[in-house]
Amino acid sequence: MATTTTEHVDVLIVGAGVSGIGAAHRLREEFPERSFVLLEAQDAPGGTWWTHRFPGARSDSDLFTYGYRHKPWKGPSIAAGGEILSYLHEVIDEDDLAGHIRYHHRVTALSWSSEENLWTADVTRTDTGETLRMTASFLWMCQGYYNHDEPYTPEWPGTERFAGTVVHPQSWPSDLDVTGKKVLVIGSGATAATVVPATAATAEHVTMLQRSPSYWFPAPTVHELATMLEPLDLPGEWTHEILRRTYVQQLDWLATTGRDDPDALHEFLVETIRPLLPEGTDVEKHFVPRYRPWQQRIAFVPDGDFFAAMRAGKASVVTDTISEFTEKGVQVSSGEVIEADVVVTATGFDLAVFGDIPFTVDGEPVDFTRHVTWRGLMISDIPNMAYAFGYFRHSWTLRIDLVNDLIGRILARMDERGDRVVVPTLRAQDADMPRLPWVSEDNFNPGYIGRSQHRMFGQGDREPWTHMHEHDVDRVELPKADLDDGLQYR
């Protein structure tokens, strides 16, 4: 099929999830004269909140910090996926973004020309198969950080013998009914923490099988402070700001204590859940992790619903490794067979480097493993390209707002200078700079990081070539970042 050229825009945003919609809002607000388009491969906005349709899909961050700074969240602190989608649709409506979003548009290649100072995007329509091409002066990658199409599932012996249903949460069938069935959930991360209580409501029983314990935190769905503020009849903006600051302080404490005093946070997390567990639970075996707090994500469970399902006898935990699948379920190393009608492989995902889209710069393929980040939002030697990446430990959007501020400053600086190109470039003093991994294993080491680290860009040992700072650092350093430090304009 012939490729047709459509339009040129000033800014091309890839992805119409939380990050892309936030980027579009910033352009609307600060650069109303700039033309822009969001290209989205799915048939609706929302990103993760559109693709994740497993039972109970919800935020594991509070919405007062996960929501945008510019749009106060109204409702419980923890929200279901549908409520978050409604919030994002409100942003699209209020900012009149609908006409800027192209659904069913999958970007298949991105190329930069220094002669033209333009990005060219090759695009395939996922609904019609049509191919087209767009050009842009600036590229803003907001596609998320994992592979939406191919979830990670280990290979286990005997899966073909299992007589029941095997499903990964990332591709949950709309017609799957677990009512009255035995459900086995493999994994103990945020997804398992959601799926177990959601399916336990109707299933005969749900067993969570984990190789090793995770950390848990029973956050309230409605903050006690919100309950105290409600009778005061405060303006909504006041309530939002008070709760937002409260949650930021709580998240900062969890993150910085995990960094500065991990033993204290370990004790706090384990002792917080101990009274919520059924009597006789082997806490040491099932709920005392072998890693430092925050080396992997903490599983947030609203109102302790996971533990309520355990106390009601509807859910249980097995800590062991899988030997093989049998016709009736899964046999673990102890020899026990966990019988199941449905096996849910909540085993995680794999990272995708900028959507696994091939990049070229002046005809040369880009190997991102040979590049380093500039402050966690641009890539060395890649002109006129920014990317959105939030936090692992705080709400994603807390950092997205800070990133958008800094990208806005860079675009404004280019306007002031009359320049058309900005490119992060290593300084003379960086010639022998050590290249460090994208994420240090000592800092954060869940499975998806270890499986994909070799494919990611790196960082340096000095500013401005580092990232993965906590919010208490970013909220001070990013707003005052020197726009001449490591950036070249022309």
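Rules behind the numbers
Residues numbered from 1 in each chain as written. Predicted model: local features only at pLDDT ≥ 70, side-chain atom pairs only at ≥ 80, totals over all residues. Heavy atoms only, no water. Helix = DSSP H or I, 4+ residues; strand = E, 2+ residues; numbered from the N terminus. Rg over C-alpha atoms; globule rule 2.2 N^0.38 Å. Buried < 20%, exposed > 50% of the residue type's maximum accessible area, 1.4 Å probe, protein only. Contact = heavy atoms within 4.5 Å. Areas by Shrake-Rupley, 256 points an atom, 1.4 Å probe, with all protein chains shown as cover. Lys, Arg positive; Asp, Glu negative; His and termini not counted. Charge placed at Lys NZ, Arg CZ, Asp CG, Glu CD.

**Student:** Requested: an account of the overall build of the protein chain, with residues and values cited.
**Tutor:** Check the secondary structure of the protein chain and you find 13 helices and 23 strands. Since a compact globule built from 490 residues should have a radius of gyration of about 23 Å, the 23 Å found for the protein chain is in line with a globular shape. Taken along its principal axes, the extent of the C-alpha atoms in the protein chain is 70 × 60 × 50 Å. Every one of the 490 residues in the protein chain was classed for burial, and the buried ones make up 54%. In the protein chain, once contacts between residues fewer than 6 apart in sequence are set aside, the share between residues at least 24 apart is 71%. Total accessible area on the protein chain is roughly 20,900 Å²; 48% of this is exposed by carbon and sulfur atoms. Considering the protein chain, the positive charge centre built from 43 side chains and the negative charge centre built from 73 side chains are found 2 Å apart.

**Student:** Break down unusual backbone geometry for me, citing the residues and quoting the values.
**Tutor:** Cis geometry marks the peptide bond from Glu463 to Pro464, where omega comes out at 5°. Relative to the helices and strands, Pro464 resides in the loop between helix H12 (447–452) and helix H13 (471–477). With phi around 55°, Asp356 is a residue other than glycine that occupies positive phi space. Its location among the elements puts Asp356 in the loop between strand S16 (342–345) and strand S17 (359–361). A residue is classified by how much of its surface remains accessible, and Asp356, at 37% relative accessible area, is partly exposed. Backbone geometry places Met468, a non-glycine residue, at a positive phi of 65°. Within the secondary structure, Met468 is located in the loop between H12 and H13. When its relative accessible area of 19% is taken as the criterion, Met468 is described as buried.

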